[in-house]
Amino acid sequence: MNRVNKRINGLMVLSILLLLLTACTSGESSSGEGEDGAVATSGEGSKELKIGLTVNNLDNPFFVSMSNAAEAHAEELGAEIIVQAADADLAKQTSQIENFITQGVDLILLNAVDSKGIAGAVAQADAAGIPIISVDVGADGGIEGTVTSDNYQAGVLAAEYMIEDLGGKGNVVVIDGPPVTAVKDRIAGFEDTIEGTDINVIAKQNGEGNREKGLQVMESILQANKPGTIDAVFANNDPVAIGAEIAQQQAGRQDEFYIVGVDGSPDVIEAMKKEGSSIAGTSAQHPDDMIVKAMDVGIQVIEGESVEEVTKIPVDLVTQDNLSSYSGW
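Residues numbered from 1 in each chain as written. Predicted model: local features only at pLDDT ≥ 70, side-chain atom pairs only at ≥ 80, totals over all residues. Heavy atoms only, no water.

*Asks:* Kindly report on the overall build of the protein, identifying the contributing residues and their values.
*Replies:* Counting secondary structure elements, the protein contains 10 helices and 12 strands. Burial status across the protein gives 46% buried among its 329 residues. Restricting to contacts in the protein with at least 6 residues of sequence separation, those with at least 24 account for 73%. As displayed, the protein has an accessible area near 16,300 Å², and 48% of this comes from carbon and sulfur atoms. (Helix = DSSP H or I, 4+ residues; strand = E, 2+ residues; numbered from the N terminus. Buried < 20%, exposed > 50% of the residue type's maximum accessible area, 1.4 Å probe, protein only. Contact = heavy atoms within 4.5 Å. Areas by Shrake-Rupley, 256 points an atom, 1.4 Å probe, with all protein chains shown as cover.)

What follows is the structure, given as structure tokens:
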């Protein structure tokens, strides 16, 4: 009987020791969860976030401002960012996204040169488990979200300015741009707003979003429309607006019509400040705010949070009347 009691007592002690051991280790986690509930990567600490950003080009001050803000925000986040310029080349941008995948980035920020054409590359990143946030323009293929200016509003503001200034009637020229959602939305906002007025679009051509092509297109339009027949021009962005003004000056028709662009770029603000400038206004975007928001949205996706399909950053109409109060990029 004594031998049995000793055995039972031994088993009881062993059980108590096991319970104590379990209690001591239950507060620890293999994931490295701390007292505040944050989960840290085991081993060498948290993994540095790696972000890839590809923009249309870095000749446009809009994208320079965007890339500078992205680099500054990445530094604040302790993240690495790789910035690439596609130079309006779909094949080049496709290759850049493929390289981002190979480099093992955690997030891709995409300013598409062709919203539909880039779908294949986006799908590759999606298959690799890398989220893509489109910036400034939308993109097909499986993006997680889009952060953009309110481009429709940009077109509306330009149209409203012309309607008021022209008294609801006149002949206007529209200089379109690349086949991306931002440009399409601007044109749609403009055309929808003038609908029902006596403002007529007498010419519409693609200025491809740059100064040189904008100049060429405006030269062609001026040759096709005799002096005194154009009241205003809506340019899809500021480089095109500046190109259109140069063509206007070279043709000696600077007093005939004015131009309204989109961007609020440093170059167009300088042009507007010059005496006799025919650039009357620009729907100003905020590329720095846009890219910072896109990065934050991307991090939300990485952390498993739900995000809005489209996040729109408001624009402001800058004119000769409020030019002095515009802070710029």
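*Asks:* Requested: an account of the sheet that holds strand β10 (residues 279–284), with residues and values cited.
*Replies:* If you walk across this open sheet you meet the 6 strands as β7-β6-β8-β9-β10-β12, and the pairing is mixed. Across the chains shown, the open sheet's two edge strands, defined by having one partner strand only, are β7 (198–206) and β12 (316–319). In this sheet, neighbouring strand axes are inclined to one another by 20 degrees on average, regardless of whether the strands run parallel or antiparallel. Here β10 runs beside β12; their pairing, made up of 4 bridges, is antiparallel. Within β12, the position partnered with G281 by the bridge is T319. Against the sheet, helix α9 (residues 266–273) touches β10 and β12, its axis set at about 155 degrees to β10. (Pairing = 2+ DSSP bridges. Axes fitted to C-alpha atoms, helices over the stretch in contact; angles between N-to-C directions.)

*Asks:* Account for the sheet that holds strand β11 (residues 310–313), naming residues and giving values.
*Replies:* Spatial ordering of the open sheet is given by β2-β1-β3-β4-β5-β11, a layout of 6 strands whose pairing is parallel. Strands with a single pairing partner mark the edges of an open sheet, and in this sheet they are β2 (80–85) and β11. Pairs of neighbouring strands in the sheet enclose a mean axial angle of 15 degrees, with direction left out of account. Two strands pair when backbone bridges link them, and strand β1 (residues 50–55) and β2 are joined in this way by 6 bridges, in the parallel orientation. Opposite I51, over in β2, you have I81 as the bridge partner. On the sheet, helix α3 (residues 90–103) packs against β1, β2 and β3 (107–110) and is oriented at approximately 175 degrees with respect to β1.

*Asks:* Could you give me a rundown of the pattern of salt bridges, with the residues and numbers involved?
*Replies:* Taken as a whole and judged by the stated rule, the model has 5 salt bridges. A salt bridge links D267 to R211, with the nearest nitrogen and oxygen atoms 3.6 Å apart. Here D267, found in helix α9, pairs with R211, found in helix α7 (residues 211–224); they are 56 residues apart in sequence, far enough to count as distant. The class of D267 is partly exposed, set by a relative accessible area of 36%. Among the ionic pairs, R253 bridges to E256, the shortest N-O distance being 2.6 Å. Looking at R253, the relative accessible area reads 8%, which means it is buried. (Salt bridge = Lys/Arg side-chain N within 4 Å of Asp/Glu carboxyl O.)

*Asks:* How would you sum up the environment of N210? Please name residues and give values.
*Replies:* Counting through the fold element by element, N210 comes out in the loop between β7 and α7. Relative accessible area serves as the criterion here: at 25%, N210 is assigned to the partly exposed category. Excluding anything up to four places from it in sequence, N210 contacts P239 and V240. Of the polar contacts made by the side chain of N210, one reaches the backbone nitrogen of E212; its length is 3.3 Å. (Polar contact = N/O pair within 3.5 Å; in protein donor to acceptor, adjacent residues only side chain to side chain.)

*Asks:* An account of the environment of I187 is requested, with residue identities and associated values reported.
*Replies:* Tracing the backbone shows I187 in helix α6 (residues 181–194). Since its relative accessible area comes to 5%, I187 is described here as buried. C-alpha of I187 to C-alpha of V156: the two residues are 31 residues apart in sequence and 8.8 Å apart in space. Look past the residues within four positions of I187 in its chain and what remains in contact with it is V174, D176, K204 and F234.

*Asks:* Which residues make up the confidence of the model for the protein, and what values do they have?
*Replies:* On average, residues of the protein score 88 in pLDDT, and 86% of them are at 70 or above. In the model, residues 1–45 has pLDDT below 50 throughout and makes 10 contacts with residues more than four positions away in sequence or in other chains. (pLDDT = per-residue confidence, 0-100.)

*Asks:* With reference to specific residues and values, describe unusual backbone geometry.
*Replies:* Although it is not a glycine, E208 sits at a positive phi angle of roughly 60 degrees. Mapped onto the elements of the fold, E208 is located in the loop between β7 and α7.

*Asks:* Residues and numbers for the side chain of E245, please.
*Replies:* Within the element layout of this structure, E245 appears in helix α8 (residues 238–250). Despite its burial, E245 remains without a salt bridge, the nearest opposite charge being carried by K274 at 6.9 Å. In this structure E245 touches I259, A271, S277, S278 and I279, once residues within four positions along its chain are discounted. (Lys, Arg positive; Asp, Glu negative; His and termini not counted.)

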